[in-house]
Amino acid sequence: LHYARWIAERFPLVTILALDLLPQEPQGRIAYKVVDLEVGVEAASDSCSSVVVFDVIEHIAREDFFISELLRVLERGGVLVGSVPHDVDGFLPSYNLTFFHRSDVTHKRYYTQESLRAALEAAGFTSVQIFPGGGISPHVIAEFFPAWSRWLVKKLVSVGMRLGLLSDGNLKSDLFFVAYKTA
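Not measured: the values here are computed from a predicted model. (Residues numbered from 1 in each chain as written. Predicted model: local features only at pLDDT ≥ 70, side-chain atom pairs only at ≥ 80, totals over all residues. Heavy atoms only, no water.)

(A) Representation of the packing of helix α2 (residues 63–73) against helix α3 (residues 113–123) within the structure. Viewed as axis vectors pointing N to C, α2 and α3 meet at an angle of 55°, and their least axial separation amounts to 8 Å. By the angle between their axes, α2 is oblique relative to α3. Crossing geometry of α2 relative to α3 is assigned as right-handed. Each of E63, I67, S68 and L71 in α2 lies in contact with α3, whose residues at this interface are A119, L120 and A123. (Axes fitted to C-alpha atoms, helices over the stretch in contact; angles between N-to-C directions. Helix = DSSP H or I, 4+ residues; strand = E, 2+ residues; numbered from the N terminus. Parallel < 35°, antiparallel > 145°, perpendicular 65-115°, else oblique. Left-handed = near helix turned anticlockwise from the far one by under 90°. Contact = heavy atoms within 4.5 Å.)

(B) How the structure looks around the sheet that holds strand β3 (residues 48–54). Strands sit in the order β3-β4-β6-β5 across an open sheet of four strands; the sheet is mixed. Edge strands, defined here as strands with exactly one partner in the open sheet, are β3 and β5 (126–133). Sheet twist, expressed as the mean angle between neighbouring strand axes with direction ignored, is 10°. In the sheet, β5 pairs with strand β6 (residues 174–180) via six bridges, with the strands oriented antiparallel. Bridge assignment links G133 to a residue of β6, and that residue is D174. Sheet strands in contact with α3 are β4 (74–85), β5 and β6, and its direction is about 150° off that of β5. (Pairing = 2+ DSSP bridges.)

(C) Seen up close, the environment of E69. Relative to the elements of secondary structure, E69 occurs in helix α2. Residues E69 and V39 lie 30 residues apart in sequence; the distance between their C-alpha atoms is 9.6 Å. Contact partners of E69, with chain neighbours within four places excluded, come to G40 and V41.

(D) Quick peek at a nonpolar patch on the surface. A contiguous nonpolar patch, built from V159, M161, L163, L165 and L166 and spanning about 480 Å² of accessible area, is present on the exposed surface. Inspection of the secondary structure puts L163 in the loop between α5 (150–162) and β6. (Patch = residues over 30% accessible without salt bridge, like charges linked within 9 Å, V, L, I, M, F, W, Y side chains within 5 Å. Areas by Shrake-Rupley, 256 points an atom, 1.4 Å probe, with all protein chains shown as cover. Salt bridge = Lys/Arg side-chain N within 4 Å of Asp/Glu carboxyl O.)

(E) Spatial organisation of the nonpolar core. Counting residues in hydrophobic clusters, the biggest one holds 26 residues, and the most contacted among them are L80, L120, F125 and F177. Among the secondary structure elements, those contributing two or more residues to this core are β3, α2, β4, α3, β5 and β6. Broken down by element, the residue count for this core peaks at five residues, all from α2. In this structure F177 touches V53, I57, L80, V81, G82, S83, V84, L116, L120, Q129 and I130, once residues within four positions along its chain are discounted. By size, the runner-up hydrophobic cluster in this structure holds six residues, among which are A8, I16, A18 and I30. (Core = buried A, V, L, I, M, F, W, Y, C linked by side-chain atoms within 4.5 Å. Buried < 20%, exposed > 50% of the residue type's maximum accessible area, 1.4 Å probe, protein only.)

(F) The arrangement of the pattern of salt bridges in detail. If you walk through the whole model with that rule in mind, you get five salt bridges. A salt bridge links E42 to K33; its shortest N-O distance comes to 3.6 Å. What makes E42 partly exposed here is its relative accessible area of 40%. Residue classification places K33 among the partly exposed residues on the basis of a relative accessible area of 32%. A salt bridge links R72 to E69, with the shortest nitrogen-to-oxygen separation between them at 2.9 Å. Highlighted residues: R72 and E69, both in helix α2, separated by three residues, approximately one helical turn. Under the relative-accessibility criterion, E69 is labelled buried at 12%.

Honestly, it's all geometry; don't read function into it.
Shown next as structure tokens:
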């Protein structure tokens, strides 16, 4: 629901319906509805101009059904925006390391760009765009250095990442996506 609050603050004319498994206190223009997304999205067909699903799809057992539900509630020309955990850990497993999201036992699956694109297109989404994002924490990189130097390594790596001097496309922890309903 963090994203609903963020959208409400920045886009005052947008109507927001936030769905969650747990009850939430109403906040301003955000309407909350308790739903079990495993059984469907409780919204009328063709009723939403956009749907935001950050860190949701990987928790749903019936991925194909859920993604089809997202398509159903979008109006023609509507946009789906979201993220899922990336399945590519690069070199990390060889050092017995992994992305933090691997510790979430509620994840049913992880995604490559190809598997995410296939799932969205199989449901009927078009113009799918996928952007690897997130990334490895400076804390993880610092673990490769002697204990006495880790604080400095974390700071240097953080600055290097912010300046774009340190980057590796294989070490992106999430896949962000945009997809459209055209039919």
